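# Examination of the molecular architecture
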Amino acid sequence: MTRIATPGTDRYSTAEFMAILIARYCSGDRELMGSGGANQLVSLAASRLAQLTVAPNLWLFSGGAGVYNSKFDTLPISTWDPRAGYQAESRILIADVVDNGTKGRKPGDRIARGGSGYGGLQIDKYGNINMIGIGGPYPDLKVRGPGSVGVVWLGSGPNNVYLEHHNKRTLVDKVDYRSAAGWMNGGNERFETLNGRDGPQLVWTPICVCDFTEDEHRMRLVSVHPGFTVEDVIENTGFELVIPDNVMTTTPPTDRELDILRTRVDRDGLLKKRRMTVG
Amino acid sequence: MTRIATPGTDRYSTAEFMAILIARYCSGDRELMGSGGANQLVSLAASRLAQLTVAPNLWLFSGGAGVYNSKFDTLPISTWDPRAGYQAESRILIADVVDNGTKGRKPGDRIARGGSGYGGLQIDKYGNINMIGIGGPYPDLKVRGPGSVGVVWLGSGPNNVYLEHHNKRTLVDKVDYRSAAGWMNGGNERFETLNGRDGPQLVWTPICVCDFTEDEHRMRLVSVHPGFTVEDVIENTGFELVIPDNVMTTTPPTDRELDILRTRVDRDGLLKKRRMTVG
Amino acid sequence: MAHLTKDYPHMTPLDERAARKLERRSKIISLEEAGKIIASKRSLSLAGSHSADAAMALIRAAIRAGARDMTMIPPVTASIAADLPIAAGMLKKLYLSYVGFEYLGLAPAFRKAAAEKTLDIVEADEPFIILGTQAAAGGRPFAPVQYLYEAVSLPELNPELKKVVDPFTGREVYAIPPLPSDVFIMHAQAADAYGNAQCWGGTGQERDKAKAADLVIVQADEIVSDEFISRDASKTTIPGIWVDYVVHVPYGAHPTFSSNNYALDEDHLKLYLDLVRNGRADEYIQKYVIEPKDHLEYLDRIGGLPRTTQLRRMLSGA
Amino acid sequence: MAHLTKDYPHMTPLDERAARKLERRSKIISLEEAGKIIASKRSLSLAGSHSADAAMALIRAAIRAGARDMTMIPPVTASIAADLPIAAGMLKKLYLSYVGFEYLGLAPAFRKAAAEKTLDIVEADEPFIILGTQAAAGGRPFAPVQYLYEAVSLPELNPELKKVVDPFTGREVYAIPPLPSDVFIMHAQAADAYGNAQCWGGTGQERDKAKAADLVIVQADEIVSDEFISRDASKTTIPGIWVDYVVHVPYGAHPTFSSNNYALDEDHLKLYLDLVRNGRADEYIQKYVIEPKDHLEYLDRIGGLPRTTQLRRMLSGA
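Everything in this summary refers to the structure shown in the same document.

What counts, and at which threshold
- Residues numbered from 1 in each chain as written.
- Chains lettered and ligands numbered in written order.
- Predicted model: local features only at pLDDT ≥ 70, side-chain atom pairs only at ≥ 80, totals over all residues.
- Heavy atoms only, no water.
- Helix = DSSP H or I, 4+ residues; strand = E, 2+ residues; numbered from the N terminus.
- Rg over C-alpha atoms; globule rule 2.2 N^0.38 Å.
- Contact = heavy atoms within 4.5 Å.
- Buried < 20%, exposed > 50% of the residue type's maximum accessible area, 1.4 Å probe, protein only.
- Pairing = 2+ DSSP bridges.
- Axes fitted to C-alpha atoms, helices over the stretch in contact; angles between N-to-C directions.
- Parallel < 35°, antiparallel > 145°, perpendicular 65-115°, else oblique.
- Nonpolar A, V, L, I, M, F, W, Y, C, P; charged D, E, K, R; others polar.
- Phe/Tyr/Trp six-rings, centres within 6.5 Å; stacked < 30°, edge-to-face > 60°.
- Lys NZ or Arg CZ within 6 Å of the ring centre and 35° of its normal.
- Salt bridge = Lys/Arg side-chain N within 4 Å of Asp/Glu carboxyl O.
- Polar contact = N/O pair within 3.5 Å; in protein donor to acceptor, adjacent residues only side chain to side chain.
- Buried area = accessible area lost by both parts, 1.4 Å probe.
- 1 Å grid on protein atoms, 1.4 Å probe; cavity = no way out; pocket = protein on both sides within 12 Å on 5 of 7 lines; lining within 4 Å.
- Points joined across faces, edges and corners; volume = space filled by probe spheres on them.
- Core = buried A, V, L, I, M, F, W, Y, C linked by side-chain atoms within 4.5 Å.

## A look at the overall build of chain C
- Secondary structure assignment for chain C yields 13 helices and 11 strands.
- Radius of gyration (C-alpha) of chain C: 22 Å, near the 20 Å computed for a compact globule of 318 residues.
- Its C-alpha atoms give chain C principal-axis dimensions of about 70 × 65 × 35 Å.
- For chain C, restricting intrachain contacts to residue pairs at least 6 apart in sequence, the fraction spanning at least 24 positions comes to 75%.

Set out below in structure tokens:
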């Protein structure tokens, strides 16, 4: 049964928590790009939060508006909201975005990894994403997806996947169609097909954080959010997740994290209202 | 013997005269593009003069600066002089210029013909242009040219050729190398090779104006500037020009033409000092 | 050949022609005229991003003018700019990158057309649209890409994606076809009468789409003087020479954002979605597309001056 | 695999790391450092147009640092920015579009190197440079063109131009190779310490050249604050994220124009041409490239404040 994913406390919302988790991930001092594709409000908030706290050298990119390092203190409704461009440092063309995507990123490149969030109709155990549709044979789809947009850029280098809904319909054993390559069929297939480019690193969901195993590149549970159990995760995942023996409980947000998020990034409280589900 | 091409009067200079001739050519009311490649000072002046007098709808393009409809009243030293951008209406990328060039122009296209000026180390009787070098076999050149730049755009549609020096070394029977296609080897070869695109229309030199015959597309004398004779033209041309029986004397500049040119386009008198030669 | 018979304009002094009235030709036409022009074409392309800067007034005018069976090359993400034409039966074929309403849900007319197979959907994506447009903009034969489609389903689903051998490496790579269009329609915040158009936001696909089109129509929130345009040439998104017609429609992007000008009308989008999802698309189309006798009446129906003022304020944060 | 062993930063609250000094890293380095970096590379690309906006200070620094045997991807037209490196023996290979001084004549060092075959000249042109750069900018395998090189000599003279069959029409077309570079050097009128660079003129090739390069070095007439940059994002030519290093060199484009900033030093260009044409290139290089211990001393040698002030005035028309 689908229900709103609540963290079991009214101290913070799940969307706020996810923004904080992604911000923590952006803590390295390397010059990374925190990019937000369409409607990636949570990762946009996360990039800004990271920039303001631990990652001054992070470049925040708002994909829809095509701008770097905008300095909003209230969240736009999406990255294509013109307000996402507030006091930005530069504006690029969508052709530039495409160039960066087709060029891809190799180990050692200046821009080492994206903090981008990708989601989809379906994601499978190797992190492949489907935005095309469910069912078939094509074009006889049971569910017609909105289209692949730019999720193909998941193939351009190391990235992360971010899901607002954790359920068996979304997390499936094998995607019906592949809009974006995760680790493909696992093992080295991605490296061989995509010129050695590294694949997805983390998967953030409303109830847990996952990564991928080192060799087979299968999705593995890393930490479960407070309010949920390993069993909740297993039960709501449509494939066999790798479950290590030392699964952690995700460290909850601190008061200070929440305070900065609410006063300097999301003054209008959009993340409080954001609907995320489980089941 | 090479000598300065003077119009045989001190009322105007050859460069001023050529600017006026080209401006007269731009008199149609269609939306044409008066473009200036590198250093095409005379055609730049001509476009502006035409715009101010008879062709308000002409779009003046300064190639080096990449701008449309700048509103200078003193000439820049070349189209890449930042002053060529004075009060321009728009600025485009060089990639846009290349797109327009590779796309080419078909009959009936919005932008019907260019008023661009092209010159070269050599030009032949079919209007082909060489900027690569003289002599050979390549790369053993007797004269190493500066390179082909964008003269290849002469192939993109109807255009004109403008020469500052009229002599047998420049006007040759056949170019040693072809940087830009005029009518190729004459007849229909250009239409067949370049998707039906129309070829060069007029050739302006310090001593005459030529066009091309209708079928064979060989260069033909149209009018000889005051101060010069048909014999001067024949003597200084390295191939057999088609000489019609009714060659005209080019209509000299009127006082009013000179006045507008000098007071509204070329206030610093750059065209007065410009050196053009014959022989 | 041995006798000159043509006219040679260089023989006639400028003086003799200068007597004509020296006036620059305006490219401004009415919205209804523009609608008829669009409706007479077979393919159109759009700019904008999702629910921002869509040329909605022109789209409505085209529907009113009876546009049918068109092929659309949409922006990389589109909401109502693609869904409404589908609802109105204006499209036969769509190059798909993303059609949806994000946090407001999937696109109802698009989903219905897909399910009922009344729309030919070319399964494309961002690089396909952008690079295909770029190829068409330069009249180039195709756009080769590598390390991209090898890893996804598009080649199986999209017959317009071909393989080509890279002559430099001998490797097989993919080739995206050029995507020209008969007409490109665009929303600008400001334009002058000669076609010079400023987009204050935008995604930078405007120029390539303009170059890739045979005809360009700009709708502008405001008509400005050419002196205004000349103050900063770098702010001109599309040079006027590339533009054929200009239409003046204040709030013409409604119900989408107009960058740095006015906000998205989310209530109106929800109204649209609600009607279309409940099989009442025709009702929406009648009321907001067909019946309004002009753009001002459309604005009246969506709430008039109070609503447009509110939308302007929302974006300025006041 | 059944036991997590990696570090997971999402487990550590931001508070625990926020204690570190929160300072944005400056990308500013000295001109001499930049020269050494360039000299350590094998290929470089340039922007600018003919005698405008050339990264001359960086070029001089690279020569001083002993740059040799490099491959240059020049702007579509270049004068001293290509000729001086040739005179100084810095180049082994040049993609040629145009090297010359227009109304001041042909390029002396280039002509000499061509005659003496000390330079590998790839016979290219504007579309070859621009489309090859564009292909490299996107990591794409090549750039196909049609109805262009079929009619000229380039295919015979340039072995890097290949044929490829268009999979959509079956026609043979030409393929331009990608033109990546190790380092792209660029002159900007203004940049902040984080790499955001404004070119007030320019030809718009800057972004593609930056994307096509492994390393980007910007020299700027002026260093501005990031607040200044944020006033108008559309004025930023290159986003700072694409830039590795910034060098502050007022009048660094001398003797070429700096768009909307200062004029070409034609007297200096004539001096250069005169010396090189008369076999005295070394004299020029000693005096203006090797001997000045820093950029200020260079400015002193070209006439100091009186001359630079004059050049600035020439452009403003005062």
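What follows continues from the structure just given.
## A word on the pairing of strand 10 (residues 213-223) of chain C
All names here are of chain C.
- A large share of strand 10 lies buried, amounting to 8 of its 11 residues.
- Bridge count for strand 8 (residues 181-191) against strand 10 is 9 bridges, and the pairing is parallel. Directly across from His 187, in strand 10, lies its bridge partner Gln 219.
- Looking at chain direction, strand 10 and strand 11 (residues 245-248) are connected through 4 bridges and run parallel.

## Considering the packing of helix 2 (residues 41-53) of chain A against helix 6 (residues 255-265) of chain A
Residue and element names in this part refer to chain A.
- Between helix 2 and helix 6, the shortest axis-to-axis distance is 10 Å and the interhelical angle comes to 105°. With respect to their mutual orientation, helix 2 and helix 6 come out roughly perpendicular. Residue-level contacts link Ala 45, Arg 48, Leu 49, Leu 52 and Thr 53 of helix 2 to Glu 257, Ile 260, Leu 261, Arg 264 and Val 265 of helix 6.
- Of the residues that constitute the contact of helix 2 with helix 6, the class distribution is 6 nonpolar, 1 polar and 3 charged.

## Here we look at the packing of aromatic side chains
- Throughout the structure, instances matching the rule amount to 29 aromatic pairs over all chains.
- Ring geometry for Tyr 149 of chain C against Tyr 174 of chain C: centres 6.4 Å apart, planes inclined by 85°, an arrangement best described as edge-to-face. In this pair, Tyr 149 of chain C is assigned in the loop between strand 5 (143-145) and helix 7 (154-157) and Tyr 174 of chain C in strand 7 (residues 172-176), connecting sequence segments 25 residues apart.
- Its relative accessible area of 1% is what places Tyr 149 of chain C among the buried residues.
- Tyr 174 of chain C gets classed as buried once you look at its relative accessible area, which sits at 10%.
- Taking NZ or CZ as reference, Arg 48 of chain A lies 6.0 Å from the ring centre of Phe 72 of chain A, over its face.

## Considerations on the sheet that holds strand 1 (residues 3-4) of chain A
- As summarised here, the arrangement of the 3 strands in space is 1-18-12 (chain A), forming an open sheet in which the pairing is mixed. Each edge of the sheet is formed by a strand with only one pairing partner; in this case those strands are strand 1 and strand 12 (165-166) of chain A.

## Details of the pattern of salt bridges
- Going through the model one piece at a time under the given rule, you end up with 66 salt bridges over all chains.
- In this structure, Glu 32 of chain C engages Arg 64 of chain C in a salt bridge whose closest nitrogen and oxygen atoms are separated by 3.0 Å. Placement of Glu 32 of chain C in helix 2 (residues 31-39) and of Arg 64 of chain C in helix 3 (residues 56-64) is noted, with a sequence separation of 32 residues between them.
- With a relative accessible area of 29%, Glu 32 of chain C lands in the partly exposed category.
- Residue class for Arg 64 of chain C comes out partly exposed when judged on its relative accessible area of 21%.
- Here the salt bridges share partners, and the residues they tie into one network are Asp 96 and Asp 99 of chain A together with Arg 140, Arg 207, Asp 208 and Lys 211 of chain D.

## Some details on the side chain of Glu 16 of chain B
All names here are of chain B.
- The topology assignment puts Glu 16 in helix 1 (residues 14-25).
- Polar side-chain contacts of Glu 16 include one of 3.0 Å to the backbone nitrogen of Ser 13.
- Ignoring sequence-local partners within four residues, the contact set of Glu 16 consists of Leu 258, Leu 261, Arg 262, Leu 271 and Lys 272.

## A short note on the side chain of Asn 128 of chain B
Residue and element names in this part refer to chain B.
- Structurally, Asn 128 can be placed in the loop between strand 7 (122-124) and strand 8 (129-130).
- A distance of 2.8 Å separates a polar side-chain atom of Asn 128 from the backbone nitrogen of Gly 182.
- When residues no more than four places from it in sequence are discounted, the contact partners of Asn 128 are Gln 122, Ile 123, Val 175, Arg 178, Ala 180, Ala 181, Gly 182, Trp 183 and Met 184.

## Let's talk about the interface of chain A and chain D
- On the side of chain D, 47 residues touch chain A, which itself brings 59 residues to the contact.
- Across the chain A/chain D interface, buried area totals approximately 4500 Å², and carbon plus sulfur atoms make up 52% of it.
- Linking chain A to chain D there are 7 salt bridges.
- Where Asp 96 of chain A meets Lys 211 of chain D, a salt bridge forms, and the shortest distance between an N and an O atom there is 2.5 Å.
- Our count for the contact surface shared by chain A and chain D stands at 25 residue pairs in polar contact (both at pLDDT 80 or more).
- Residue classes in the side of chain A that touches chain D are distributed as 26 nonpolar, 16 polar and 17 charged.

## Let's talk about empty space enclosed by the protein
- Summed over all chains, the structure comprises 14 cavities of 30 Å³ or more.
- By volume, the largest cavity is sized at about 150 Å³.
- Lining the largest cavity are 14 residues, and of these Gln 134, Arg 140, Ala 143 and Pro 144 of chain C together with Gln 134 of chain D lie nearest its centre.
- Only helix 6 (126-137) and strand 5 of chain C together with helix 5 (126-137) and strand 5 (143-145) of chain D provide two or more residues apiece to the lining of the largest cavity.
- The residue makeup of the lining of the largest cavity, split by class, is 10 nonpolar, 2 polar and 2 charged.
- Put simply, the second largest cavity is a space of about 100 Å³.
- Forming the boundary of the second largest cavity are 15 residues, of which Ala 65 and Trp 80 of chain B together with Gly 201, Gly 202 and Ser 259 of chain D lie nearest the centre.

## Quick notes on the layout of surface pockets
- Considered as a void within the structure, the second largest pocket measures approximately 450 Å³ in volume.
- Together, 22 residues line the second largest pocket, and Lys 103 and Lys 106 of chain A, Gln 146 of chain C together with Ala 136 and Gly 139 of chain D are the ones closest to its centre.
- For the lining of the second largest pocket, the class distribution of residues is 7 nonpolar, 7 polar and 8 charged.

## Section: the interface of chain B and chain D
- Taken residue by residue, the interface counts 43 residues in chain B and 49 residues in chain D.
- Between chain B and chain D, roughly 3800 Å² of surface is buried when both sides are summed, and carbon and sulfur atoms account for 63% of that area.
- Area buried by chain B at its contact with chain D is led by Trp 80, Ile 94 and Arg 144 of chain B, which between them contribute 20% of it.
- Inspection of the region where chain B meets chain D yields 2 salt bridges.
- Residue Glu 123 of chain D is joined to Arg 144 of chain B by a salt bridge in which the shortest nitrogen-to-oxygen separation is 2.8 Å.
- Our enumeration of links across chain B and chain D arrives at 16 residue pairs in polar contact (both at pLDDT 80 or more).
- When contributions to the side of chain B that touches chain D are tallied by element, the ones reaching two or more residues are helix 3 (94-103) and strand 10 (143-144) of chain B.
- By residue number, the principal contributor to the side of chain B that touches chain D is helix 3 of chain B, which donates 5 residues.
- Classifying every residue of the side of chain B that touches chain D by side-chain character gives 25 nonpolar, 11 polar and 7 charged.

## Brief notes about the nonpolar core
- Core analysis: the largest hydrophobic core is formed by 121 residues, its most contacted members being Val 42, Ile 129 and Met 219 of chain A together with Tyr 149 of chain C.
- At 9 residues, helix 1 (residues 14-25) of chain A tops the list of elements feeding residues into this core.
- Ignoring any residue separated from it by four or fewer positions in sequence, one finds Met 219 of chain A in contact with Ile 123, Asp 124, Lys 125, Leu 171, Val 203, Cys 210, Asp 211, Phe 212, Phe 239, Leu 241 and Val 242 of chain A.
- Within the second largest apolar cluster, 112 residues are counted, among which are Val 54 and Tyr 162 of chain B together with Ile 63 and Ile 285 of chain D.

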